[in-house]
Amino acid sequence: MARYSLTRMHTSGRPALTCAGLPGVRIPETIIGIGHNYRSIGNAATPAPVVFGKFSGSVVADGIPICIPEEIDGPIVCEGELAVVVGRSARSLRTRDEALACVAGVTVANDVSARGLQDADVQSTRGKSLDTFCPIGPELVTLDEVADLGALTLETRIGGRLVQSSTTAKMVLDVAELVLYVSRFATLYPGDVILTGTPAEQHDDDLALRPGDVVEVAIEGVGILTNPVVACPAPVLCPGPHRTA
């Protein structure tokens, strides 16, 4: 069973991707991030993708606020990405056709990242896994609705200001190649998400998020993901098991 709720219909008629922040909705258990997967002028492509994870608590839906913790040093940046949602279990795939047959569809994601935490670690998972740091949505678009996965315009705006503008044609590994790659070291399950990377041209200063901002990631033919940015609310103690005498 897919870990997304696809029962609420979007205004377009497609299933709406609803995630954390909405009552009774299950979220993906596995979010696989891919780094350095876009070519840029003057930068050589990496020989293999950089792989990291994002905790499931980072996932929120379209319209849900991104919360910025006051105690985190360094910039908090947005990274617009095409996201692949897995539709069937698979492992050790061999062909592009097999890989694409495992894809339920694509959607829009924002791989929000705390650069200070990334710089302090030898890998990126902590800095990319804070609660609300993975907005996804607003809807699931099946591959038959996308004219060409390898030629989609991707744009990110903060407060209406364009901060990212690129195309999936610049991806080092395309969607099929990424699914093949991941399946060779991990079993994919329905509802798992693969983030395909973000364009490489922009500086962190341009991508920095601050409370009061509204960030939009738009991918041609896939959708527009919109999230306000707020200061992190006061700490909340989650209910847990109680001791009995």
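Only a predicted model underlies this, so the values are computations on that prediction, with no experimental measurement involved.

Asker: What should I look at first to understand the pairing of strand S7 (residues 103-110) in this one?
Answerer: It is a general feature of regular strands that their side chains alternate between the two faces of the sheet. In terms of residue burial, S7 counts as a mostly covered element, since seven of its eight residues are buried. The sheet contact formed by strand S6 (residues 80-86) and S7 spans seven bridges and is antiparallel. Bridging across to S7, Leu82 finds its partner in Val108. Here three bridges tie S7 to strand S9 (residues 134-141), and the two strands are oriented antiparallel to one another. In the sheet register, Ala109 faces S9, and the bridge partner there is Ile136.

Asker: Sorry, what's going on with the pattern of salt bridges here?
Answerer: When the charged atoms of two side chains lie near each other, side chains of opposite charge can form a pair. Counted under the stated rule, the structure contains six salt bridges. Between Lys54 and Asp111 there is a salt bridge whose closest N-O contact spans 2.6 Å. Of this pair, Lys54 sits in strand S2 (residues 50-54) while Asp111 sits in the loop between S7 and strand S8 (113-114), placing them 57 residues apart in sequence. Between Asp174 and Arg96 there is a salt bridge, and its shortest N-O distance comes to 2.9 Å.

Asker: How should I be thinking about unusual backbone geometry in this particular structure?
Answerer: Note on backbone geometry: most residues besides glycine have negative phi, and most peptide bonds are trans. The omega angle of the peptide bond from Gly137 to Pro138 is 5 degrees, so this bond is cis rather than trans. Here Pro138 lies in strand S9. Notably, His36 is not glycine yet its phi reads approximately 55 degrees, a positive angle. Position of His36 relative to the elements: it lies in the loop between strand S1 (31-35) and S2.

Asker: What's the story with the sheet that holds strand S4 (residues 66-68) in this structure? I'm lost.
Answerer: Ordered in space as S4-S14-S13-S10-S11, the five strands form an open sheet in which the pairing is mixed. The outermost strands of the open sheet, each flanked by one partner alone, are S4 and strand S11 (161-167). Neighbour-to-neighbour, the strand axes of this sheet turn through a mean angle of 20 degrees, independent of strand direction. Sheet topology note: the strand S10 (residues 153-158)/strand S13 (residues 214-219) ladder contains five bridges and is antiparallel. By the bridge assignment for S13, Leu154 is matched with Ile219.

Asker: Looking at this model, I keep getting lost on the nonpolar core. Mind explaining?
Answerer: For soluble globular proteins, the rule of thumb is that nonpolar side chains tend to be buried together. Formed by 31 residues in total, the largest nonpolar core has its most connected members in Leu82, Val106, Val179 and Val222. Every element with two or more residues in this core is listed here: S1, S6, S7, helix H4 (175-183) and S13. Top element by residues in this core is H4. It accounts for six residues. Those residues in contact with Val222 that sit more than four places away from it in its chain are Leu82, Val106, Thr107, Val108, Glu139, Val141 and Leu152. Ranked by size, the runner-up nonpolar core spans 17 residues in total, among them Ile66, Val112, Val163 and Leu207.

Asker: What exactly am I supposed to notice about H4 here?
Answerer: In terms of residue burial, H4 counts as a mostly covered element, since seven of its nine residues are buried. Those residues of H4 that fall on the buried side of the exposure criterion are Val175, Ala176, Leu178, Val179, Leu180, Val182 and Ser183. If you follow the buried residues of H4, they end up packed against S1, S6, helix H1 (96-101), S7 and strand S12 (193-195).

Definitions and cut-offs
- Residues numbered from 1 in each chain as written.
- Predicted model: local features only at pLDDT ≥ 70, side-chain atom pairs only at ≥ 80, totals over all residues.
- Heavy atoms only, no water.
- Buried < 20%, exposed > 50% of the residue type's maximum accessible area, 1.4 Å probe, protein only.
- Helix = DSSP H or I, 4+ residues; strand = E, 2+ residues; numbered from the N terminus.
- Pairing = 2+ DSSP bridges.
- Salt bridge = Lys/Arg side-chain N within 4 Å of Asp/Glu carboxyl O.
- Axes fitted to C-alpha atoms, helices over the stretch in contact; angles between N-to-C directions.
- Core = buried A, V, L, I, M, F, W, Y, C linked by side-chain atoms within 4.5 Å.
- Contact = heavy atoms within 4.5 Å.

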